[in-house]
Amino acid sequence: MIGYVMLGSQNIDVSRYFYSALMDMMGAKKVADSKTFLAWSFGEGKPTLAIGNPFDGEDASYGNGTMVALSVSSTEEVDKLHKKALALGGQNEGDPGVRSGGFYCAYFRDLDGNKLNFHCKPEASN
């Protein structure tokens, strides 16, 4: 149902550094890379993650209550990716752990303040 998710960025070069490291760890392939726009694909028929300067030329901003949740295969992968996001300069918004509905999640903000998480269902991992 979802084709792609787009997050705004104030600085594409900084976003390239931050997201390239995380998307590489997740096995995503970079499908766009320009001065104003980046995108990674997780495969045919799966959503794409895009990062770009706002089209209207105004400052990028994030929404209160808006979040992108990135599904991974195991609790170990959640832990590893969350640790990497923080090492790259991301801000911790919630340590890894089991949340409502049995999801294992870890929350962070990217370098532009966008909120994301990595998550999996523990019974489906390993």
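Residues numbered from 1 in each chain as written. Predicted model: local features only at pLDDT ≥ 70, side-chain atom pairs only at ≥ 80, totals over all residues. Heavy atoms only, no water.

1. Structural notes on the nonpolar core
Soluble globular proteins: nonpolar side chains tend toward being buried together. Convention followed: By convention a nonpolar core is built from buried Ala, Val, Leu, Ile, Met, Phe, Trp, Tyr and Cys residues, the set being connected through side-chain atoms within 4.5 Å. Note on exposure labels: buried denotes an accessible area under 20% of the residue type's maximum, exposed denotes more than 50%, and partly exposed covers the range between, all computed with a 1.4 Å probe on protein chains only. Secondary structure elements follow DSSP: runs of H or I of four or more residues count as helices, runs of E of two or more count as strands, with numbering from the N terminus. Working rule for contacts: check all heavy atoms of both residues, and any pair within 4.5 Å makes them a contact.
Ranked by internal contacts, the top residues of the largest apolar core, which has 25 residues, are Y19, L22, M23 and F118. Residue assignment for this core shows that the elements contributing at least two residues are α1 (12–26), β3 (37–41), β4 (48–52), β5 (68–71), α2 (75–87), β7 (104–109) and β8 (115–120). Sort the elements by how many residues they give to this core and α1 lands first, with 6 residues. If we ignore the near neighbours within four places in the chain, the residues touching F118 are L22, M26, L70, V72, V78, L81, H82, A85, Y104, C105, A106 and F108.

2. Looking at the packing of aromatic side chains
Convention followed: Between 30 and 60 degrees the pair is tilted, below 30 it is stacked and above 60 it is edge-to-face, where a pair is any two Phe, Tyr or Trp rings, Trp via its six-membered ring, whose centres lie within 6.5 Å.
Using the criterion set out here, one finds 4 aromatic pairs in the structure. Taking 6.3 Å as the distance between ring centres and 45 degrees as the angle between the ring planes, the aromatic pair formed by F18 and F108 counts as tilted. Taken together, the residues F18 in helix α1 and F108 in strand β7 connect sequence positions 90 residues apart. In this structure F18 comes out as buried when scored by relative accessible area, which is 1%. Residues F108 and F118 carry aromatic rings whose centres are separated by 5.1 Å and whose planes lie at 20 degrees to one another, so their mutual orientation is stacked.

3. Regarding a nonpolar patch on the surface
Note the threshold: Residues enter a patch when their relative accessible area is above 30% and they make no salt bridge; the linking distance is 9 Å between like charges and 5 Å between nonpolar side chains (Val, Leu, Ile, Met, Phe, Trp, Tyr). Only the protein chains shown count as cover for residues, and the accessible areas themselves come from Shrake-Rupley with a 1.4 Å probe. Salt bridges are identified by distance alone: a Lys or Arg side-chain nitrogen within 4 Å of an Asp or Glu carboxyl oxygen.
A surface patch of nonpolar side chains, amounting to about 310 Å² of accessible area, comprises Y4, M6 and F37. Within the element layout of this structure, M6 appears in strand β1 (residues 4–8).

4. Focus: the pairing of β7
For the record, the criterion: Pairing between two strands is assigned when DSSP locates at least 2 bridges connecting them.
Where burial is concerned, most of β7 is hidden: 6 out of the 6 residues are buried. Residues of β7 alternate between two faces, with Y104, A106 and F108 on one and C105, Y107 and R109 on the opposite face, all of them buried. With antiparallel pairing between neighbouring strands as the criterion, strand β6 (residues 91–98) and β7 make up a hairpin whose turn holds 5 residues, including G101 at a positive phi of roughly 80 degrees. Where β7 hands over to β8, the hairpin turn is made up of 5 residues, of which G113 adopts a positive phi near 95 degrees.

5. Concerning the environment of V68
Its location among the elements puts V68 in strand β5. With relative accessibility at 9%, the residue V68 sits in the buried group. Expressed as a C-alpha distance, the spacing of V68 and Y107, which sit 39 residues apart in the sequence, is 9.8 Å. When neighbours within four sequence positions are excluded, V68 is seen to be in contact with V5, L7, K115, L116 and N117.

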